Amino acid sequence: MQLATPPHVPADRVVDFDIFNPPGVERDYFAAWRTLQAPGTPGLVWSTANGGHWIATRGELVRTLWADAERLSSECLAVTPGLGEVMRFIPLQQDPPEHGPFRTSVMKGLASRFVVALEPKVEAVAQELVDGLRPRGACDFVADFAEILPLNIFLSLIDVPLEDRPRLRTLGVQLTRPDGSMTVEQLRDAADDYLWPFIEQRMAAPGDDLFSRILSEGVGGRPWSVDEARRMCRNLLFGGLDTVAAMIGMVTLHLARHPEDQHLLRERPDLIPTAADELMRRYPTVSVSRNAVVDVEADGVTIRKGDIVYLPSVLHNLDPACFDAPDAVDYARGLTPVRHTTMGAGAHRCVGAGLARMEMIVFLRTWLAAMPAFALDPERPVTMKGGNVGACTALPLVW
Ligand code: HEM
């Protein structure tokens, strides 16, 4: 067990900050994190919570450390105790050089020509959900839409029949809003039990779905082993649910608070792709942890071999030293490539980034075309949570 404050950590670096419960997170995830960017706060601080770990608080440092896969390992999904050992995600928890061939195979399966071809399926899933909601005049966007859309999209990508979908719904909720009723092991086993028949079938007789494409690519010239296939499919399921749910939740909250943006994007749907890019920059919710495999000097201190470093994308994307007026949603910003870290940086940058972007665009197009002007329900509060994927936990809307 690591000491909460080891001797190599200077006293002026120590903060009381729990990444699972930053101060005021229920009201505003972004403001809660940005308390770490108050003037005078160093670029690397040591949190005594969760066994003790570093947090990078300045944008450039977040990005540099994120991309340093040689000295900072991804193997153990560190800050959440036990999670890494249980999940053993491929390729997320692999380090170079082992990581490369697995990632290449997954990337080929998610290549942009396949993403383009998937668009009608995603559109059909989004349309079906929107059509179901519209007559109701109100919803909790998180439970009624954000948690369901990425799950249904994922199941379409791997060609699971519609009638099988409710089985994964509980699992989806536990993934996005864990209530402690399932252990991490139970969650993994439930996901594996669900996915296994599809994996087995696709390994034996590949179709043209996502799993089949990746599995038939092989790994570095050989077939996937059963264990590797399970770990990879698990990574795809877990990687694309709560992240997408969190993103569309935050973007919808933005639109609910900015009727002028709803109006603009309804009038000018051609702006939606660049708007999606900028909204994804503005509302980053993923943080990652790394383990130092050697001593790393940064910001005037030593991250000792074995230390954990926590890297929040919010502290890069919303750092005024990295982006002009970072709080402003400026759709013109999306016209040129922007180096934000919503999807990570370096060797592990999200392999689903193209798919996620397409999902965002299709969501915005479908939702805005079908729904009347919508607003926050004045009677019920918006609530948020922290953790590795921050998100709205309740987003009551009316229209
Ligand atoms: C808006 C939605 C999404 C966000 C914000 C997001 C964010 C990220 C981030 C920050 C990473 C880097 C993790 C690290 O450095 O440790 C990552 C990796 C990954 N993501 Fe996503 N992701 C999204 C959607 C998806 C989707 C839809 C899929 C799958 C279909 C997916 C699958 C993966 C996988 C497999 C990795 C591991 C890549 C590697 O280790 O080489 N993600 N994602």
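Here the structure is a predicted model, which means the values were calculated and not measured.

J.: I keep staring at the coordination of the iron atom of the ligand and nothing clicks. Help me out?
T.: Ideal coordination angles are 109.5 degrees for a metal with four donors arranged tetrahedrally and 90 or 180 degrees for a metal with six donors arranged octahedrally. Coordination of the iron atom of the ligand by the protein comes from a single atom, C350 (SG), at 2.3 Å. Locating C350 in the fold gives a position in the loop between α15 (314-317) and α16 (353-370).

J.: How do you make sense of the site of the ligand when you look at a structure like this?
T.: Close to the ligand lie 26 residues, the nearest being H99, R103, R290, H348 and C350. L92 is positioned such that a nitrogen or oxygen atom in its backbone is 3.4 Å from an oxygen atom of the ligand. Listing elements by their share of the shell around the ligand, those giving two or more residues are α4 (99-109), α11 (226-239), α12 (242-257), β6 (287-292) and α16. The residue inventory of the shell around the ligand, partitioned by class, reads 15 nonpolar, nine polar and two charged.

J.: Sorry, what's going on with the nonpolar core here?
T.: In terms of nonpolar packing, the biggest core is built from 128 residues, with W33, L44, F141, F145, W224, L364 and W367 touching the most fellow members. In terms of residues, this core owes the most to one element, α16, which gives 12 residues. Leave out the neighbours within four places in its chain, and W367 touches V130, L133, F141, F145, F374 and L397.

J.: Explain the sheet that holds strand β4 (residues 72-73) here, please?
T.: Strand order across the open sheet formed by six strands is β1-β2-β3-β9-β6-β4, with mixed pairing between neighbours. Each edge of the sheet is formed by a strand with only one pairing partner; in this case those strands are β1 (14-15) and β4. In this structure, β1 lies alongside strand β2 (residues 44-47), joined through two bridges in parallel fashion. The residue of β2 that forms the bridge with V15 is S47. Each of β2, β3 (53-56), β4, β6 and β9 (308-312) touches helix α2 (residues 59-66); the most contacted strand, β9, lies at about 120° to it.

J.: How do you make sense of the environment of A32 when you look at a structure like this?
T.: Within the fold, A32 resides in helix α1 (residues 29-34). Taking the C-alpha atoms as reference points, A32 and E163, separated by 131 residues in sequence, lie 41 Å from one another. Those residues within four positions of A32 in sequence are excluded, and the remaining contacts are F17, P22, P23, G24 and V25.

J.: Help me understand the packing of helix α14 (residues 272-282) against α16 in this model?
T.: When two helices pack together, their arrangement is given by the angle between the helix axes and the distance between those axes. One way to put it is that α14 packs onto α16 with a least axis distance of 9 Å and a crossing angle of 115°. Classified by chirality, the crossing of α16 by α14 is right-handed. For the pair formed by α14 and α16, the contact residues are I272, P273, A276, D277, L279 and M280 on the first element and A356, R357, M360, I361, L364, R365 and L368 on the second. Each residue belonging to the contact of α14 with α16 can be placed in one class, and the counts come to 10 nonpolar, no polar and three charged.

J.: I'm lost on α11 in this one. Help?
T.: The α-helix winds at 3.6 residues per turn, so residues separated by three or four positions along the chain end up facing the same way. Between its terminal C-alpha atoms α11 stretches 20 Å, which fits the 20 Å expected from 14 residues at 1.5 Å a residue. Of all 14 residues in α11, 10 are buried; the element is thus mostly enclosed. Taken as a whole, α11 has its buried residues at E228, A229, R231, M232, C233, R234, N235, L236, L237 and F238.

J.: What is the right way to look at the state of the cysteines in this model?
T.: Two cysteines form a disulfide when their sulfur atoms are joined by a covalent bond. Applying the stated criterion across every chain yields a total of zero disulfides. C392 forms no disulfide, and the closest cysteine sulfur to it belongs to C139, at a distance of 12 Å. Relative accessible area serves as the criterion here: at 6%, C392 is assigned to the buried category.

J.: Just to check I follow, could you spell out the sheet that holds strand β13 (residues 396-398) for this structure?
T.: Within a beta sheet, neighbouring strands are joined by backbone hydrogen bonds and run either parallel or antiparallel to one another. Reading across the sheet, the three strands line up as β5-β13-β10 and stay open at both edges, with antiparallel pairing between neighbours. Single-partner strands in this sheet number two, and they are β5 (138-140) and β10 (375-376). Bridge analysis of β5 against β13 gives three bridges, and the strand direction is antiparallel. Looking across to β13, one finds that D140 is bridged to P396.

J.: I tried to follow the packing of aromatic side chains on my own but got confused; where do I start?
T.: Each aromatic ring pair is specified by the distance between its two centres and by the angle formed by the two planes. Applying the stated criterion to the full structure yields 17 aromatic pairs. Following the ring pairs from residue to residue traces out a cluster consisting of F141, F145, F363, W367, F374 and W399. Here the guanidinium or amino end of R213 rests over the ring plane of F114, the centre of that ring lying 3.9 Å away. R282 extends its terminal NZ or CZ atom over the ring of F30, reaching a point 5.7 Å from the ring centre.

J.: What is the right way to look at the pattern of salt bridges in this model?
T.: Side-chain pairing between opposite charges can occur once the charged atoms of the two side chains come close. Within this structure, the stated rule accounts for 21 salt bridges. When the shortest N-O distance is used, the salt bridge between R27 and E26 registers 3.6 Å. Relative accessible area serves as the criterion here: at 61%, R27 is assigned to the exposed category. In the salt-bridge network here, residues are joined through shared partners; they are R88, D227 and R231.

J.: When you look at the side chain of S74 in this model, what are you seeing that I'm missing?
T.: Mapped onto the elements, S74 comes out in the loop between β4 and α3 (83-87). Given the relative accessible area of 3%, S74 is considered buried. A polar atom in the side chain of S74 sits 3.3 Å from the side chain of R290. Those residues in contact with S74 that sit more than four places away from it in its chain are L92, Q93, Q94, D95, R290 and H348.

J.: Could you clarify how one ought to interpret the environment of V122 in this entry?
T.: Its location among the elements puts V122 in helix α5 (residues 112-133). Here V122 falls in the buried class, since its relative accessible area comes to 2%. Along the chain, V122 and L157 lie 35 residues apart, while their C-alpha atoms are 8.6 Å from each other. Among all residues touching V122, those that are not within four sequence positions of it are I153, M358, E359 and V362.

Cut-offs used in this document
Per chain, residues are indexed from 1 in the order of the written sequence. This being a predicted model, a pLDDT of at least 70 is required before a residue's local features are given, and a value of 80 or more before pairs of side-chain atoms are given or counted; all residues contribute to the totals for chains, interfaces and linings. Only hydrogens and water are set aside; all other atoms, that is, all heavy atoms of the structure, feed into the side-chain values. Only nitrogen, oxygen and sulfur atoms qualify as donors, and only when within 2.8 Å of the metal (3.2 Å in the case of Na, K and Ca); with water excluded, sites may look incomplete. A helix here means a DSSP run of H or I that spans at least four residues, while a strand means a run of E at least two residues long, and both kinds are numbered starting from the N terminus. Here, proximity means that at least one heavy atom of the residue falls within 4 Å of the molecule or strand. For this analysis, a polar contact is any N or O atom pair within 3.5 Å, provided that within protein one partner can donate a hydrogen and the other can accept it, and provided that sequence-adjacent residues contribute only side-chain to side-chain pairs. Under the scheme applied, nonpolar residues are Ala, Val, Leu, Ile, Met, Phe, Trp, Tyr, Cys and Pro; charged residues are Asp, Glu, Lys and Arg; polar residues are all the others, including Gly. By nonpolar core we mean a set of buried residues, namely Ala, Val, Leu, Ile, Met, Phe, Trp, Tyr and Cys, connected to one another through side-chain atoms within 4.5 Å. Type-normalised accessible area, obtained with a 1.4 Å probe on protein chains alone, sets the label of each residue: buried when under 20%, exposed when over 50%, and partly exposed for intermediate values. Contacts are assigned to residue pairs that have any heavy atoms within 4.5 Å of one another. Two strands pair if DSSP finds at least two bridges between them. Orientation is described by lines fitted to C-alpha atoms, with helices fitted over the stretch in contact, and by angles between N-to-C directions that extend from 0 to 180 degrees. Crossing chirality is assigned from the near helix's rotation relative to the far helix, an anticlockwise turn below a right angle marking it left-handed and a clockwise turn marking it right-handed. Working rule for helices: expected span equals 1.5 Å times residues minus one. Whenever a pair of cysteine sulfur atoms sits within 2.5 Å, that pair is classed as a disulfide. Any Phe, Tyr or Trp ring, taking Trp's six-membered ring, that has another such ring centre within 6.5 Å forms a pair; planes under 30 degrees apart are called stacked, those over 60 apart edge-to-face, and the others tilted. The criterion is that NZ of a Lys, or CZ of an Arg, lies within 6 Å of the ring centre and within 35 degrees of the ring normal, and then a charge sits over that ring. Throughout this description, the term salt bridge denotes a Lys or Arg side-chain nitrogen within 4 Å of a carboxyl oxygen of Asp or Glu.

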